[in-house]
Each structure stands twice: as structure tokens, then as C-alpha cells.
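Listed below, chain by chain, are the residues.
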Amino acid sequence: GLGPRYARQVWLPTLEVERRFGRRAKTGSLLVPTLEVDPTVLKGKARGFAQALGMRDELTPANFSLEDARLLLDRLRDLYPTESDYDLSLELREVLRPAYRNLFELLAGRERQSEPITESQHALADAPLLATDGDGKYRFFKAKQVFYADRRDTRERLQSDQPIWTFVIDAFQGARSSLTHYFGVRVLEESLAWSPQPGDPALEKGDLELLRSSLDQLAPYILARIAAD
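Residues numbered from 1 in each chain as written. Predicted model: local features only at pLDDT ≥ 70, side-chain atom pairs only at ≥ 80, totals over all residues. Heavy atoms only, no water.

## Details of the overall build of the protein chain
Of the regular secondary structure elements, the protein chain holds eight helices and five strands. For the protein chain, the α and β elements follow one another from N to C terminus as α-α-α-α-α-β-β-β-β-α-β-α-α. Computed over the C-alpha atoms, the radius of gyration of the protein chain is 24 Å, more than 25% above the 17 Å expected from 2.2 N^0.38 for a compact globule of 229 residues. Taken along the three principal axes of its C-alpha coordinates, the protein chain extends 90 × 40 × 30 Å. Out of the 229 residues in the protein chain, the part that is buried amounts to 37%. (Helix = DSSP H or I, 4+ residues; strand = E, 2+ residues; numbered from the N terminus. Rg over C-alpha atoms; globule rule 2.2 N^0.38 Å. Buried < 20%, exposed > 50% of the residue type's maximum accessible area, 1.4 Å probe, protein only.)

## Remarks on the nonpolar core
Grouped together as the largest cluster of nonpolar side chains are 43 residues, with contacts concentrated most on L31, Y100, L103, L129, F167, L179 and F183. The biggest single contributor to this core is helix 4 (residues 89–108), with nine residues. Each residue touching L31, except ones within four places of it in the same chain, is listed here: L2, F21, L72, R75, L76, L79, V95 and A99. (Core = buried A, V, L, I, M, F, W, Y, C linked by side-chain atoms within 4.5 Å. Contact = heavy atoms within 4.5 Å.)

## Some points on helix 4
Note on helix geometry: an α-helix contains 3.6 residues per turn, so any two residues three or four positions apart are oriented the same way. Between its first and last C-alpha, helix 4 extends 27 Å over 20 residues, near the 28 Å set by a 1.5 Å rise per residue. Its maximal kink placed at L96, helix 4 deviates by approximately 35°, while the proline P98 follows within four residues. Every buried residue of helix 4 is listed here: E91, L92, V95, L96, P98, A99, Y100, N102, L103, F104, L106 and L107. (Expected span 1.5 Å × (residues − 1). Bend = angle between axes of the 7 residues up to and from the residue.)

## A look at the packing of aromatic side chains
This model, assessed by the stated rule, comprises six aromatic pairs. Ring centres 6.5 Å apart and planes at 15° place the aromatic pair Y100 and F104 in the stacked group. With Y100 and F104 both in helix 4 and four residues apart, the pair spans about one turn of that helix. Accessibility assignment for this pair places Y100 and F104 in one class, buried. Relative to W165, the ring of F141 lies with its centre 5.1 Å away and its plane at 50°, an arrangement referred to as tilted. Of this pair, F141 sits in strand 2 (residues 138–142) while W165 sits in the loop between strand 3 (147–148) and strand 4 (166–167), placing them 24 residues apart in sequence. Overall, the relative accessible area of 17% leaves W165 in the buried class. (Phe/Tyr/Trp six-rings, centres within 6.5 Å; stacked < 30°, edge-to-face > 60°.)

## A closer look at the pairing of strand 1 (residues 128–132)
Summarising burial for strand 1: five of the five residues are buried, a large majority. Burial of strand 1 is two-sided: the residues P128, L130 and T132 facing one way and the residues L129 and A131 facing the other way are all buried. Taken together, the five bridges between strand 1 and strand 2 define a ladder with antiparallel strand orientation. The residue of strand 2 that forms the bridge with L129 is F141. Between strand 1 and strand 2, which pair antiparallel in sequence order, lie five residues; one of them, G134, sits at a positive phi of approximately 80°. Bridging between strand 1 and strand 4 involves two bridges; their strand directions are antiparallel. (Pairing = 2+ DSSP bridges.)

## Overview of a nonpolar patch on the surface
A surface patch of nonpolar side chains, amounting to about 780 Å² of accessible area, comprises L203, L211, L215, L218, Y221, I222, L223 and I226. Relative to the elements of secondary structure, L203 occurs in the loop between helix 7 (188–191) and helix 8 (205–228). Judged by its relative accessible area of 39%, L203 is partly exposed. (Patch = residues over 30% accessible without salt bridge, like charges linked within 9 Å, V, L, I, M, F, W, Y side chains within 5 Å. Areas by Shrake-Rupley, 256 points an atom, 1.4 Å probe, with all protein chains shown as cover. Salt bridge = Lys/Arg side-chain N within 4 Å of Asp/Glu carboxyl O.)

## A closer look at the pattern of salt bridges
Enumeration over the complete set of coordinates arrives at 14 salt bridges. Linking E16 and R20 is a salt bridge whose minimum nitrogen-to-oxygen distance equals 2.8 Å. Taken together, the positions of E16 and R20, both in helix 1 (residues 15–21) and four residues apart, correspond to about one turn of that helix. There is no split in this pair, since E16 and R20 are both buried. Here R47 and D57 are joined by a salt bridge, their closest N and O atoms 2.9 Å apart.

These figures come from the coordinates and say nothing about function on their own.
Dropping the structure here:
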């Protein structure tokens, strides 16, 4: 499905490949390089020969590399061009977001002990990620150009003349560590500078003292709510 590939880039057609990347009556080869052969053929010497060539059997975090991640991300960009007015809502729900979530699960489970952390940092900063402007438009950008919204309501509280492109999955804690470490994605909430702009006083001095007194009584409950948020 992805054309000729080096054997070391290819997965054997296993249930785990299908569980993670098989979508909408399509096999896993829709998104990742998978050997297109009847699984019944891969028995005995045939499987041993495939493994001797370097093809990988089970898809696990331990053998899922950054190169595999880049191939998947490039494939998503090629399959779903965003220059047209094509409605991506169905693909977002059934293909794109599930594929991204499985990608982050695999990256989060990688054994980093075998790789210097400085070498893998921002290794996928130029890889394409799908982002939205919050107004129904979608575009693929280099990861380092995209924001990640750590809270679902952040965009609703922002007013900007320029579009703010955020990753199509937000408030997904399983993605944050991989997005910031491997992709160099900026967290939107950490990139904002909030400053108050008080208006004219709304209360007279006596009313203000009454308000402050009432707030003192409510303080434990208000602080508990803030802590919960």
C-alpha cells in the first residue's frame, strides 16, 4: 500500500498492526508499511525468512522507532491533503485522531534508556502535524510551528486577529510529553502572557468592604475550586 520499502521498515500483518492502524475496512497497510500477504502464508520457514530480512513481527513500543513515526506522519499528510475544501470531519474521527493517539502511546512507551535524551529531543520537529484554527479549517504544519492546547477551554477565552493553529487533539495528557520532547510543539497555555485590564470602579467604598468581607468567608471554598481546576 505504501510502495516499495526497505525490509527493516516493513511490519508483518499481525493483529496488533490491525488493531492500531486498521481503519474503515482498510488494513493496517493503509497507514504503515505492512507486508501485503495472506497471514496463513507466513508460517514456519516463511516467517523466519521474513524476519531474517529484517521485517518486524509484533508492533510494540520497544521496536517502534522515530523513523516509523515519521513514515506514519508523512503518510497521513499525503492521504489527507488540506488545500481543498474537503470535509475532514469523518476522517478526523475514524482515522486521523485514532492514528495519532496510537502513535503517542507507542512513543510514550519507548525505552529511552538506549538513546541519549539529547539526541531524540525535537527529532520530529519538522514532521507534519494536522492543526486547526478553531474555525473549521485544517492544515498540516511542521510540528515546531504548532501549539498544543492543554485545556479544552483555552481557545474560547482567547481573542486574536490572527489564527492560532493548534494540534487537532487537545487536553490529551498521553500526548503532551511526546509532543514537547520529540516534536518541539509549544504548549499554548505556557506561551501566553495574561495581564489584567481593570476598568472603572464598580462599587463604592462601603460596598467594596462588604464584598471583601463576604469573600473572606467564601475563601476556603473558592480556593478549593481553584485547586480542583
